[in-house]
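What follows is each chain in one-letter form.
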Amino acid sequence: MQVLKFGGTSVASPENILKVVEIVKAKTRNKQLVIVASAMGGVTNCLVKSGELARTGNEQYKSILQEIEQKHFHAVDQLFSFEKQSELKANIKLILNELDDICNGIFLLKEIFPKTKDFLLSFGERLSALIISESFNENSIPTKLIDARDLIITDENFGNANVNFELTNKNVHQKLKDVKENVFVSGFIASSMSRKLTTLGRGGSDYTASILSSAVDAEILEIWTDVDGVMTADPNIVSSAYPLEKLSYEEAMELSHFGAKVIYSPTINPLLRKGIPILIKNTFNPDANGTLICKDGRDNGKLLKGLSRINEISLLTLTGGGMVGVTGVAARLFTTLSLSQVNVIFITQASSEHTITVGINLDEETVASEAINKEFEREIALGRIKALEVEGDHSIVALVGDNMKESIGLSGKSFSALGKNGINVRAIAQGSTERNISVVIKRKDVHKALNVLHERFFLSKLKKVHLFLIGVGNVGKTLVSQIQEQYVYLKKEHKLEIKIIALANSRKMLFNKDAINLDSWNEQLYEDGETMDKDKFIERMQQMNLRNSVFVDNTANETIAGLYNQVLDKSISVVASNKIAASSEYLNYITLISLAKQKNIKFLFETNVGAGLPILKTIRDMIKSGDKIFKIQAVLSGSLNFIFNNFVVGRSFSDIVKQAMDEGYTEPDPRIDLSGQDVARKILILARESGYEMEMDAIENNSFMPAELMAKKTVQEFLDALPDYDEYFEKIRIEAETEGKKLRYVAEFNEGKANVGLKKADPSQAYYQLDGKDNIVLLYSNRYKEQPLVVKGAGAGAEVTASGVFADIISIANQ
């Protein structure tokens, strides 16, 4: 014999009931079935609402009862022949009249007792039982309807009655022994020894099916619902959750205790004792394999089986020196909570006995805290124990799996993944079975935490990175194009999905929590974007609280660079082509570096020097391996190198500067490049990354630009005046050419001192042969004293700079 249970969504409409009929028809060909069903979807909520309205004296309860009647009559109209409808509606009307009397009584008394509430809530299952059982008979599936009150006997703990299994099993055997057809039993309801109606509590219909399965020694219990099985996490929160093939009974109980709604923990106990397997199936996708819960459910090699959570948790912490070594403190605490009928969900205690923390439902916080403070009133007054610390608005996230005890470092991996995403773990508990690790976090972090952990343990093949990008000029828009071009390749070959969640320029900002469509991002930014506000941008990014978030700055804006501290403090990594932060005051630079380390995230700015060249990475690797750099010679401005390589006979200096601007080699204000300020920033960054403490004003800048030209108020005024100085620049060029040399803007660092300036390079020097916009860096160190380590290549341009930023993003994604 098999037992099948169908949930509320499975029988929510006539169309769904017909799906159930087809499932049962296929099953009943070979064996007798016991079928259990919940109330039609939404009916139980209507009953609760009608009772509450009646209790408050609101006659609107009558309209709710009318909705219930219409729903069931509509189902009868759709499912049965005209001849059958009259009889069935008459039977339904008798039950509805009884319901009306109950609600009227509640309305008159202005009170609803637990016994009355049980009776009120029973009508959903009683009504659905009539319709569904007759639907089977209507479709040539002989079925006998048996009232659950004649089978399941409980105590009178209304709302969550305790089953008397001895009497229940006896009733089931007696009532079913001569039944040849299928049996339909209404879920959720039962009766006491004195024939008072009781209910089985949360998940009661599942429990009904479990009780019956145990009583008849069923081959299997199939629970039909609206998902493909027990999922690795709540699919409403984790979109990538998928159904599990197998679970052990113990794993299923742990998941159900911590909020997994597909199955409820009381359901499992009767079946566990007899080893009856449970199969979770989807009414709307019956061909899906589903999830099998059984004795050998752990034997599939997976360390973790699922993630679950309980929201609206309050933490109560009792602490004080007066607890250390004192017998009975914990007993007093738990006795107090028990007497106050407060359920303890989570417990953790310091080994020093100095602190005990418990997690309870948020709605029991006031009752619990008042009771505890009263119980320990004397110790609190004497200062032996501190006043109870109460922290609301928390959640518990549980990692569940039988094989966890065989894994080394699983806890560490969990905490590392959460920490990298700025999720603070407030409390931790792990059972002695090592089947469950529970962490308490802020409720606002639950969405991110579940996705982070699911990605870490269940979807190691795919990692999502969320970008918040400011600056869509030459470098920014090129970066967007590169990300779009590589999206499919990275996802397919490297299991990496990079999504741009926000874009902004100096005027507009655009957000999309699912990802901005990169085919039309520019149009969206201008048409749908809101006014750019840097503070709101950061606030929105933090509020979205997405895992693996990266803040990308492709501006040259000092204000944006000033946001890094705030961003890093929220455990969001930063990638910057903007040089301002790394070349700001040393204290700010080192604070950002330290903050990133402290938060276990990244602050990367590889493109600050050499665009896409791996200069900073090379220096960091040298330092990490124990080398010490004492001298640096470099041509660090691809812009200036482009200008001087193209500054030949027949071309004016002013024309070449304008060409460099047009081709994106210079900053929007070319004076930053021409002044040597940009090069000074770069050599400063190289010195700092080499381990030297240095400020910008310590760098000697030997500018070749006329002071009066550089003093022009605007960029346009500067460009307009530049041709007037072509003769001055031509003289410098001719002088170098006459000596057989080339003009190079060189940066040097030597034993703590640095300078930048225009030099005439002879053929013996490494930077003499430097084409186009190339950069070159010569690193002299303890290991490279005679022959320097040389890094050379393209050091300017939107393409190479964007690719360097992209590489930093990939580096963060791969950590």
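These figures come from a predicted structure and were not determined experimentally.

Each value, and the rule that gives it
- Residues numbered from 1 in each chain as written.
- Predicted model: local features only at pLDDT ≥ 70, side-chain atom pairs only at ≥ 80, totals over all residues.
- Heavy atoms only, no water.
- Helix = DSSP H or I, 4+ residues; strand = E, 2+ residues; numbered from the N terminus.
- Expected span 1.5 Å × (residues − 1).
- Buried < 20%, exposed > 50% of the residue type's maximum accessible area, 1.4 Å probe, protein only.
- Contact = heavy atoms within 4.5 Å.
- Pairing = 2+ DSSP bridges.
- Axes fitted to C-alpha atoms, helices over the stretch in contact; angles between N-to-C directions.
- Parallel < 35°, antiparallel > 145°, perpendicular 65-115°, else oblique.
- Left-handed = near helix turned anticlockwise from the far one by under 90°.
- Nonpolar A, V, L, I, M, F, W, Y, C, P; charged D, E, K, R; others polar.

## Some points on helix 8 (residues 204-216)
Next, step 1: Taking 1.5 Å per residue as the helical rise, helix 8 with its 13 residues ought to reach 18 Å, and the 18 Å between its terminal C-alpha atoms agrees with that figure.
Next, step 2: Of all 13 residues in helix 8, 13 are buried, a share of seventy percent or more.
Next, step 3: One or two steps after helix 8, the chain reaches D217, where phi turns positive at roughly 55°.

## Considering the environment of L176
Next, step 1: For L176, the position within the fold is in helix 7 (residues 165-176).
Next, step 2: Expressed as a C-alpha distance, the spacing of L176 and K144, which sit 32 residues apart in the sequence, is 10.0 Å.
Next, step 3: Setting aside chain neighbours within four positions, we find L176 in contact with V34, I146, L151, V183 and V216.

## Observations concerning the sheet that holds strand 23 (residues 573-576)
Next, step 1: Spatial strand order, 21-20-19-18-22-23-24: seven strands in an open sheet with mixed pairing. Each end of this open sheet is capped by a strand with a single partner; those strands are strand 21 (530-531) and strand 24 (603-604).
Next, step 2: Examined bridge by bridge, strand 18 (residues 463-470) and strand 22 (residues 549-553) share five bridges and lie parallel to one another. Looking at the pairing, L467 lines up with V550 of strand 22.

## Quick word on the environment of F184
Next, step 1: Topologically, F184 is positioned in strand 5 (residues 182-186).
Next, step 2: Each C-alpha atom of the pair F184 and I146 lies 6.1 Å from the other, and the pair is 38 residues apart in sequence.
Next, step 3: When neighbours within four sequence positions are excluded, F184 is seen to be in contact with I35, A37, A129, I132, S133, F136, T143, K144, L145 and I146.

## Some words on the packing of helix 3 (residues 61-79) against helix 4 (residues 82-109)
Next, step 1: Where helix 3 contacts helix 4, the axes come no closer than 11 Å and their chain directions differ by 165°. By the criterion of interaxial angle, the relationship of helix 3 to helix 4 is roughly antiparallel. For the crossing formed where helix 3 meets helix 4, the hand is right-handed. Listed contacts from helix 4 to Y61, L65, I68, E69, H72, F73, V76 and D77 of helix 3 are Q85, L88, K89, I92, K93, L96, L99, D100, C103, N104 and F107.

## Remarks on the pairing of strand 25 (residues 629-635)
Next, step 1: Where burial is concerned, most of strand 25 is hidden: six out of the seven residues are buried.
Next, step 2: Sheet topology note: the strand 25/strand 29 (residues 774-781) ladder contains six bridges and is antiparallel. Each bridged residue has a counterpart across the sheet, and for I632 the counterpart in strand 29 is L779.
Next, step 3: Pairing of strand 25 with strand 27 (residues 742-750), which is carried by four bridges, proceeds in the antiparallel orientation. Along strand 27, the bridge assignment pairs K631 with N750.

## Brief notes about the packing of helix 1 (residues 14-27) against helix 6 (residues 123-138)
Next, step 1: Helix 6 packs onto helix 1 with a crossing angle of 50° between their chain directions and a minimal axis gap of 10 Å. Classified by the angle their axes make, helix 1 and helix 6 are oblique. Crossing of helix 1 over helix 6 shows right-handed handedness. Residues I17, V20, V21 and V24 of helix 1 touch helix 6, and the partners they reach there are I131, I132, S135 and F136.
Next, step 2: Class assignment for the residues of the contact of helix 1 with helix 6 results in seven nonpolar, one polar and no charged.

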